[in-house]
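Listed below, chain by chain, are the residues.
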Amino acid sequence: MMEWIGDAALTSLGFFWKAGWAFAMGYLISAMIQTFVPKQRLVKYLGKPTPKALTLSAIFGAASSSCSFAALAAARALMQKGAHFIAAVAFMFASTNLVIELGVLILIFLGWQYLVAEVIGGLLLIVICSLLMRVWFPSKAVQRLRKKLDEEQADDEQIPAFFSKHAWIQVSHAFKHDWQMVWKEVLIGFTMAGIIAVAVPAEFWNTLFLTNQPQIPEAWVILENALVAPFVAAATFIGSMGNIPLATVLAGNGVLFAGIMGFIYSDLMVPPLVAVNAKYYGWKLALYIAFMMWVSIVISALLLHLGFAAFDILPQAATATLDVAPKERFAIDYTFYLNIVFAVVTAVLLTLANIKQGHHHHHGGDSIITVKNAVTSLASIFVIGGVVIWW
């Protein structure tokens, strides 16, 4: 048991170590974009679900934070400004699937094929979900929502000068805010990934995803992987960046490409996020969004799998991170130096963020904050204690 705990904790810490610089770099870029790109000035173009509006929604989403709670709050703010409901949903997809920091993390853990698929699939998701919503659109519920949002007021956006001190203080606050929004989710996700990598046998995943079972037709296995993966992602209760190491574990245990992509895309389907949407829009629209996302995710995952197979570029199992010996995960290589550089960058930005009080951002996660804090504490104790045991 002691050996198991130590190995699982070291695996989790190895995930943190490998991704640390990518988080810092991604959130720095994200903070700069949030500060200097006048997203809300263009909301007037999002009033109808036109191709132009959906394109702008994708751009806005890609320029925003990958924190799932922040994505939901930002989408609601866009609707308050007059954006169409479908455009807001497109923004949700883009802001959790097309952001820079997520792409860097996918490239590190899973490889270039998954990164290419993430970008192509993210755009596919927006197109497919938008088309499906045009076919089945809850007009009355959206009209009631629009009336409610029109009665609310959203803050006006101000874009500071790039070289001003105020601008970089604002960047630092956005950087700090993104970290505050996501660090618990990341800690829980990476810790669970380490535990699952060590504790869950390959036979479990083989049974759940029908892999290594030649008697079952391949077409059915691909479909089953795409259908089941979103529910596995929802069951983890982890969204945003925290599910990438878990996706690596699944890929290393033989889950098919369609399943891995379906898993990655499903960060907005976890129960806490559905509950936040219910708080914003009511349960009817929240469940409608979740269902349309699930259908769009399954279709997109299947199309990606078939497309990559047609071009013979389906990726191999992502086992590199899992198979490396514990000590070698912390070797002095490019990861070591990049972590040092971005640790300094992070320290400077967090120091700058304390110059004045930042704006308060509400992400709607209060209903689960107690549970999340408890789980975060347990994850911290497990990692620290496990490393001590291993040592």
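The structure this text deals with has already been given above.
So, here is what we can say about the structure in this document. Because the structure is predicted, anything quoted here is derived from the model rather than measured.

### Overview of the overall build of the protein chain
Logical step 1: Per the secondary structure count, the protein chain includes 17 helices and 0 strands.
Logical step 2: Scored against the burial criterion, the 391 residues of the protein chain give a buried share of 52%.
Logical step 3: Restricting to contacts in the protein chain with at least 6 residues of sequence separation, those with at least 24 account for 86%.
Logical step 4: Accessible surface for the protein chain amounts to roughly 17,600 Å². Of this, 68% is attributable to carbon and sulfur atoms.

### Details of the side chain of Glu224
Logical step 1: With respect to the helices and strands, Glu224 occurs in helix H10 (residues 218-236).
Logical step 2: Those residues in contact with Glu224 that sit more than four places away from it in its chain are Leu208, Phe209 and Leu210.

### Re helix H6 (residues 112-135)
Logical step 1: End to end, H6 covers 35 Å across 24 residues, agreeing with the expected 34 Å (1.5 Å per residue, within 8%).
Logical step 2: Buried residues belonging to H6 abut helix H2 (51-62), helix H4 (85-97), helix H5 (100-109), helix H11 (243-252), helix H12 (257-265) and helix H14 (283-310).

### A look at helix H9 (residues 202-209)
Logical step 1: Turning to H9, its buried residues number three or more, namely Trp205, Asn206 and Phe209. Along the axis of H9, the buried residues cluster in a sector spanning 105°; they form a single face. Facing away from the buried side of H9 by more than 90 degrees, the exposed set consists of Glu203 and Thr207.
Logical step 2: One or two residues past the end of H9 sits Leu210, with phi positive at roughly 60°.

### Let's talk about unusual backbone geometry
Logical step 1: Phi at Leu210 is positive, roughly 60°, even though this residue is not glycine.
Logical step 2: Its place among the elements puts Leu210 in the loop between H9 and H10.
Logical step 3: Positioned with a positive phi, Asp312 is a non-glycine residue whose angle comes to about 55°.
Logical step 4: Locating Asp312 in the fold gives a position in the loop between H14 and helix H15 (320-323).

### Some points on the environment of Leu250
Logical step 1: Assignment of secondary structure puts Leu250 in helix H11.
Logical step 2: Along the primary structure Leu250 and Ala229 are separated by 21 residues, whereas in three dimensions their C-alpha atoms are 9.8 Å apart.
Logical step 3: If we skip the residues at most four places from it in the chain, Leu250 touches Trp205, Phe209, Val255, Ile260 and Phe263.

### Observations regarding the nonpolar core
Logical step 1: Residues Phe85, Phe109 and Tyr281 are the most contacted members of the largest nonpolar core, which totals 92 residues.
Logical step 2: Among the nonpolar cores identified, the runner-up in size contains 6 residues, and Ile222, Ala258, Ala301 and Leu302 belong to it.

### Quick notes on the environment of Ala174
Logical step 1: Within the secondary structure, Ala174 is located in helix H8 (residues 165-199).
Logical step 2: The buried category is assigned to Ala174, whose relative accessible area is 13%.
Logical step 3: Sequence separation between Ala174 and Met32 is 142 residues; the distance between their C-alpha atoms is 8.0 Å.

### Concerning the packing of aromatic side chains
Logical step 1: Scanning the entire structure with this criterion turns up 17 aromatic pairs.
Logical step 2: Ring geometry for Trp136 and Tyr288: centres 5.2 Å apart, planes at 85°, overall edge-to-face. Of this pair, Trp136 sits in the loop between H6 and helix H7 (139-150) while Tyr288 sits in helix H14, and the two are 152 residues apart along the sequence.
Logical step 3: Exposure remark for Tyr288: the relative accessible area of 5% places this residue in the buried category.
Logical step 4: Seen in terms of ring centroids, Phe257 and Phe308 are 5.0 Å apart; in terms of plane orientation they differ by 35°. Their pairing is tilted. Here Phe308 lies in helix H14 and Phe257 lies in helix H12, a separation of 51 residues in the sequence.
Logical step 5: Taken together, Phe85, Trp136, Phe137, Phe231, Tyr281, Tyr288, Phe291 and Trp294 form an aromatic cluster joined through their ring pairs.

Quick notes on the rules
- Residues numbered from 1 in each chain as written.
- Predicted model: local features only at pLDDT ≥ 70, side-chain atom pairs only at ≥ 80, totals over all residues.
- Heavy atoms only, no water.
- Helix = DSSP H or I, 4+ residues; strand = E, 2+ residues; numbered from the N terminus.
- Buried < 20%, exposed > 50% of the residue type's maximum accessible area, 1.4 Å probe, protein only.
- Contact = heavy atoms within 4.5 Å.
- Areas by Shrake-Rupley, 256 points an atom, 1.4 Å probe, with all protein chains shown as cover.
- Expected span 1.5 Å × (residues − 1).
- Arc of directions from axis to C-beta.
- Core = buried A, V, L, I, M, F, W, Y, C linked by side-chain atoms within 4.5 Å.
- Phe/Tyr/Trp six-rings, centres within 6.5 Å; stacked < 30°, edge-to-face > 60°.

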